[in-house]
There are 2 protein chains.
Amino acid sequence: MTDLAQLNYAQKERLAFIDFSLQFIGQLARADLVNHFKTGLASCSRDLTLYNELAPANMTLRHETKRYYRTAKFRPLFEHNPEAILGSLCRGFGDGLSNGIHPSAHCVDTTKLIHPNTEVIATLMRAIHNRMAVSCDYISLTSGETSRVIVPHAIANNGQRWHVRAFDMKSKEFRDFVCTRLQNLAEIADPINSSQSGEHDTAWNNILTVELVVHPSVSHPKAIELDFGMDDGFLHLEVREALLGYLMRQWNVDCSAEASLTGGEYHLWLSNAKDLPNLTSMAIAPGYGF
Amino acid sequence: MTDLAQLNYAQKERLAFIDFSLQFIGQLARADLVNHFKTGLASCSRDLTLYNELAPANMTLRHETKRYYRTAKFRPLFEHNPEAILGSLCRGFGDGLSNGIHPSAHCVDTTKLIHPNTEVIATLMRAIHNRMAVSCDYISLTSGETSRVIVPHAIANNGQRWHVRAFDMKSKEFRDFVCTRLQNLAEIADPINSSQSGEHDTAWNNILTVELVVHPSVSHPKAIELDFGMDDGFLHLEVREALLGYLMRQWNVDCSAEASLTGGEYHLWLSNAKDLPNLTSMAIAPGYGF
DNA sequence: TTAGATGCTATCATTTTGATTTGATCATTT
DNA sequence: AAATGATCAAATCAAAATGATAGCATCTAA
């Protein structure tokens, strides 16, 4: 009896591709496998036979079209993560390799307007992993261009932009820097001071629990409960203090004490706002501290 | 002479993993490869030797640490797409297979609060590919729960939620439905009416060209130009009419005729707003039509 | 009715992989 | 200073996976 766990990486990948295609496209032909994996025809037949052994009820061959079709009894052989799936549908299946990409015309992700530079991300990530500082020029919205030395310890997406969280030698505190506004990065070989490492970034390491509820102004709260998968009307989140403001802004969470913001975009209310300490990260949160 | 193009899929994947690790982590040990691909030790040595043949200047072994390190002369062997990279760093390398996931603690994507149901996405995608209608219950924010029959033709992310674009039999027009608010989906075997197919969705098929410029209120426009990769101060986009409003809202684009919105969140201005026809999709766009 | 496309299976040569052994380097311990 | 242990490389051989090919089945479309 063959078993999924015994198979090697390449075989599992091909079976996952079959599973994915059946589940999300509903059909599959041998040529699709050949196209994607640049494999031989005989292998495809073998893979399809193997898949059929592992999940006999999942697909049937229709000779009229010479394709395999998902059956009504289909049970996925692999667990596909929803976010990863949608990414695969939009970008094409197959991470890491740029070949075999044929994105679906029927699945479009948001238009990405900001594309961090690969070299910048690479340099930052290496500096983070190797605990090194980098020198750079930074163009801030408030103060324009300045040269700095920063000690990065994490990269985070705030919903629109990728930021690097770093100790800033100039201001002597931990700050966020937008990755696309960094230029002329250079690694600095000298070992960093331990007080500049990520462990000392309190706003980053402090995990807050926030409670979100459907905004009282919403006339059909069930819709919002479905969106956010709320069982009992509450959504409890653990969020880094440094990222909380971004999160509230991204999701248009009304952070006023009494849910007093009006406007159709506020679907959620931060119901424990008064329990939270006064946070600088929340300066951008809608309605906070008014 | 070995050549990248000659290698099989599995080998290319392992080389891409080596390339990726060197570029974004800066180092790599044989054990990392074993861990990820569940491969034998001997294979790793072979893969590393092969990588070294293909890119001799990219890495060196340091016996002190028994790891390979990226050299200063590193030239990536594979093209890594920035969005895909950041995804890989956050979620772990290796699409399609859930094994070998060890996401970086130093790269955090936005907190996803909305998780579309895999079955719903699968059913919709199959209906789209097979040009079929589905019956469903939909809970709308304005009118609450209703039963409908829709003919989907695309799935799109509007920046916060995944929508399905579909012909709605009830209203007899093309509309957006939030995927998480769809329940009790059932495929309808009857063939669809051709007037209900995606080709007739004019707001979807109409591609508009929009011109974005840095908002005049920004004091250091260079920062914004860097964010959006503007060469000459302009950003020209081709956008589906049906998605334009979402895009303007997602990026906080001031859509007023004279860039009259105030507020630090408006980094961009839609400079050709007056050239655009009156669009229902733009109802949610900041400042539009005021 | 027949040609053509695409599917399956079987066979065999080739390639890739896994397991094992031997030897090297270097940090750590004795 | 020498022994120990961890991890690397390289070589070898057996096992497994893959590619190529050929013969046959099924169905569509001409």
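Since the model is a prediction, treat every value here as computed from it, not as a measurement.

About the thresholds
Residues numbered from 1 in each chain as written. Chains lettered and ligands numbered in written order. Predicted model: local features only at pLDDT ≥ 70, side-chain atom pairs only at ≥ 80, totals over all residues. Heavy atoms only, no water. Contact = heavy atoms within 4.5 Å. Buried area = accessible area lost by both parts, 1.4 Å probe. Salt bridge = Lys/Arg side-chain N within 4 Å of Asp/Glu carboxyl O. Polar contact = N/O pair within 3.5 Å; in protein donor to acceptor, adjacent residues only side chain to side chain. Helix = DSSP H or I, 4+ residues; strand = E, 2+ residues; numbered from the N terminus. Nonpolar A, V, L, I, M, F, W, Y, C, P; charged D, E, K, R; others polar. Pairing = 2+ DSSP bridges. Buried < 20%, exposed > 50% of the residue type's maximum accessible area, 1.4 Å probe, protein only. Phe/Tyr/Trp six-rings, centres within 6.5 Å; stacked < 30°, edge-to-face > 60°. Near = heavy atom within 4 Å. pLDDT = per-residue confidence, 0-100.

**A short note on the interface of chain B and chain A**
Each partner contributes to the interface: chain B provides 91 residues, whereas chain A provides 91 residues. The junction of chain B with chain A conceals about 8300 Å² of combined surface from both sides, 59% of it contributed by carbon and sulfur atoms. The interface formed by chain B and chain A contains 4 salt bridges. A salt bridge links Arg161 of chain B to Asp227 of chain A, with the shortest nitrogen-to-oxygen separation between them at 2.5 Å. The tally of links between chain B and chain A comes to 34 residue pairs in polar contact (both at pLDDT 80 or more). The dominant element in the side of chain B that touches chain A, judged by the number of residues it contributes, is helix α4 (residues 82-91) of chain B, at 9 residues. Here the residues of the side of chain B that touches chain A sort into 42 nonpolar, 34 polar and 15 charged. Pairing of strand β4 (residues 107-108) of chain A with strand β6 (residues 144-157) of chain B, which is carried by 2 bridges, proceeds in the parallel orientation. Paired with Val108 of chain A across the two strands is Ala156 of chain B, which belongs to β6 of chain B.

**Details of the pattern of salt bridges**
In total, this model carries 22 salt bridges over all chains according to the counting rule given. Residue Arg165 of chain B pairs with Asp176 of chain B through a salt bridge whose shortest N-O separation is 3.0 Å. On the criterion of sequence distance, the pair formed by Arg165 of chain B in strand β7 (residues 162-168) and Asp176 of chain B in strand β8 (residues 173-178) is long-range, its members being 11 residues apart. Owing to a relative accessible area of 8%, Arg165 of chain B belongs among the buried residues under this scheme. On the basis of relative accessible area, Asp176 of chain B is assigned to the partly exposed category, the value being 23%. Each of Arg161 and Arg181 of chain A together with Asp227 of chain B takes part in a single network of salt bridges with overlapping partners.

**With respect to the packing of aromatic side chains**
Scanning the model with the defined rule gives 12 aromatic pairs over all chains in all. A ring pair is formed by Tyr9 of chain A and Phe37 of chain B, whose centres lie 4.7 Å apart and whose planes are at 75°; its orientation type is edge-to-face. One end of the pair, Tyr9 of chain A, is in helix α1 (residues 9-24); the other, Phe37 of chain B, is in helix α2 (residues 30-37), on a second chain. Each ring, one from Phe228 of chain A and one from Trp251 of chain A, has its centre 5.8 Å from the other, and the planes form 75°; the classification is edge-to-face. Here Phe228 of chain A, found in helix α7 (residues 221-228), pairs with Trp251 of chain A, found in the loop between α8 (241-250) and β12 (253-254); they are 23 residues apart in sequence, far enough to count as distant.

**Quick word on the protein's contact with DNA strand D**
Around DNA strand D, the surrounding shell holds 17 residues, and the nearest of these are Arg14, Thr39, Ser43 and His63 of chain A together with Tyr68 of chain B. At the protein interface, 68% of the atoms of DNA strand D within 4 Å belong to sugar or phosphate. Lys66 of chain B has a polar backbone atom sitting 3.1 Å from a phosphate oxygen of DNA strand D. Listing elements by their share of the surface near DNA strand D, those giving two or more residues are α1 and α3 (41-54) of chain A together with α3 (41-54) of chain B. Counting residues per element, the surface near DNA strand D draws most heavily on α3 of chain A, at 3 residues. Classifying every residue of the surface near DNA strand D by side-chain character gives 3 nonpolar, 8 polar and 6 charged.

**What about the confidence of the model for chain A?**
This prediction gives chain A a mean pLDDT of 89; 94% of its residues lie at or above 70. Below a pLDDT of 50 lies the segment residues 95-102 of chain A, which in the model reaches 25 contacts outside its immediate sequence neighbourhood of four places, other chains included.

**Quick word on the pairing of strand β11 (residues 234-240) of chain A**
Residues and elements named next belong to chain A. Burial of β11 is one-sided: the residues Leu235, Leu237 and Val239 facing one way are buried, the residues Phe234, His236, Glu238 and Arg240 facing the other way are not. Relative to β11, strand β10 (residues 207-214) is paired through 7 bridges, and the arrangement is antiparallel. Each bridged residue has a counterpart across the sheet, and for Val210 the counterpart in β11 is Leu237.

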